[in-house]
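Coordinate inspection notes
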Amino acid sequence: MLVRSWNVYHGNADPLERRDYLEEMISLVTADHPDVVCLQELPVWSLSRLERWTGMTAGGDVTERPLLPRPLAKAITDLHHGLFRSAFTGQANAILLAKRLTVVERRSVLLQKKEHRRCQAVKIDGGIVIGNLHASGDRRGSGAAELARAVALLDAVGGSVSILAGDFNMRSQLEGFSPPGPGIDHILVRGAPATPVEAWPLERRIVHGRVLSDHAPVEVRVDV
């Protein structure tokens, strides 16, 4: 099973630009038909478009509500995505699944209230539980507690294999899980063999001369 994770930076390039590249990003990260894609820092308006863009089953969780109604928030942000970013559109996370995978259960938990950090989880046939989070890291000393809440969510859902993916905003080894990646974006696996976390090289996320996002996608293969 190919599992991939990407913080899409509100759909912008690095350095920031006026327009957004979110559809190009989603097309790029799903082009080779991965089994699972976990996404962070999505504008809320995009949640209703993910299935059309990808042909995958999409489940999203709003982490920060839009300041304005979605069409108006997007219209204002379209004036300059680099300037407004998520100020009006809010933020969300999403898990994309290949159509052959059947969702048995969905849950989410609040990790940290001040910055609206959440972890979402889905359980699919075969007893595989997949968690997706955007944690705050250790900037305010809450990183370990947030990760503990995320693991507790996976445990509550229950399954023979647990996968926790996302932007951890720190490098952290969790007991019983596979080793983290070299940066702050990780895919940790418990209950099944997995390849080491691999980050995309820079050139793989360059489209029309632009570097998409300030994060590289990361991926692992899980033997299930």
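Above this text you will find the structure in question.
Quick caveat, the model's predicted, so the values are computed rather than measured. (Residues numbered from 1 in each chain as written. Predicted model: local features only at pLDDT ≥ 70, side-chain atom pairs only at ≥ 80, totals over all residues. Heavy atoms only, no water.)

Read across the sheet, five strands follow the order β5-β6-β7-β8-β9 without closing on themselves; strand pairing throughout is mixed. Strands at the two margins of the open sheet, each flanked by one partner only, are β5 (103–112) and β9 (185–190). The average undirected angle you get between the axes of adjacent strands in this sheet is 15°. Relative to strand β7 (residues 128–134), strand β6 (residues 117–124) is paired through six bridges, and the arrangement is antiparallel. Within the sheet, the bridge partner assigned to Q120 lies in β7 and is N132. (Pairing = 2+ DSSP bridges. Helix = DSSP H or I, 4+ residues; strand = E, 2+ residues; numbered from the N terminus. Axes fitted to C-alpha atoms, helices over the stretch in contact; angles between N-to-C directions.)

This part covers the packing of aromatic side chains. Evaluated as defined, the whole model comprises two aromatic pairs. Ring centres 6.4 Å apart and planes at 35° place the aromatic pair W6 and W200 in the tilted group. Highlighted residues: W6 in strand β1 (residues 2–7) and W200 in the loop between β10 (198–199) and β11 (206–207), separated in sequence by 194 residues. What makes W6 buried here is its relative accessible area of 0%. Taking 6.4 Å as the distance between ring centres and 85° as the angle between the ring planes, the aromatic pair formed by W45 and W53 counts as edge-to-face. Across the pair, exposure class does not vary: W45 and W53 are buried alike. Over the ring of W200 we find R204, and its NZ or CZ is 3.7 Å from the ring centre. (Phe/Tyr/Trp six-rings, centres within 6.5 Å; stacked < 30°, edge-to-face > 60°. Buried < 20%, exposed > 50% of the residue type's maximum accessible area, 1.4 Å probe, protein only. Lys NZ or Arg CZ within 6 Å of the ring centre and 35° of its normal.)

Membership of the largest hydrophobic core comes to 23 residues, with the highest contact counts inside it found for L22, L39, L42 and L50. Residue assignment for this core shows that the elements contributing at least two residues are α1 (22–30), β2 (36–42), α2 (50–54) and β4 (91–97). Here this core takes four residues from α1, the largest share from any one element. Dropping the residues within four chain positions of it, L42 is found in contact with V8, L22, I26, L47, L50, G90, Q91, A92, N93 and A94. (Core = buried A, V, L, I, M, F, W, Y, C linked by side-chain atoms within 4.5 Å. Contact = heavy atoms within 4.5 Å.)

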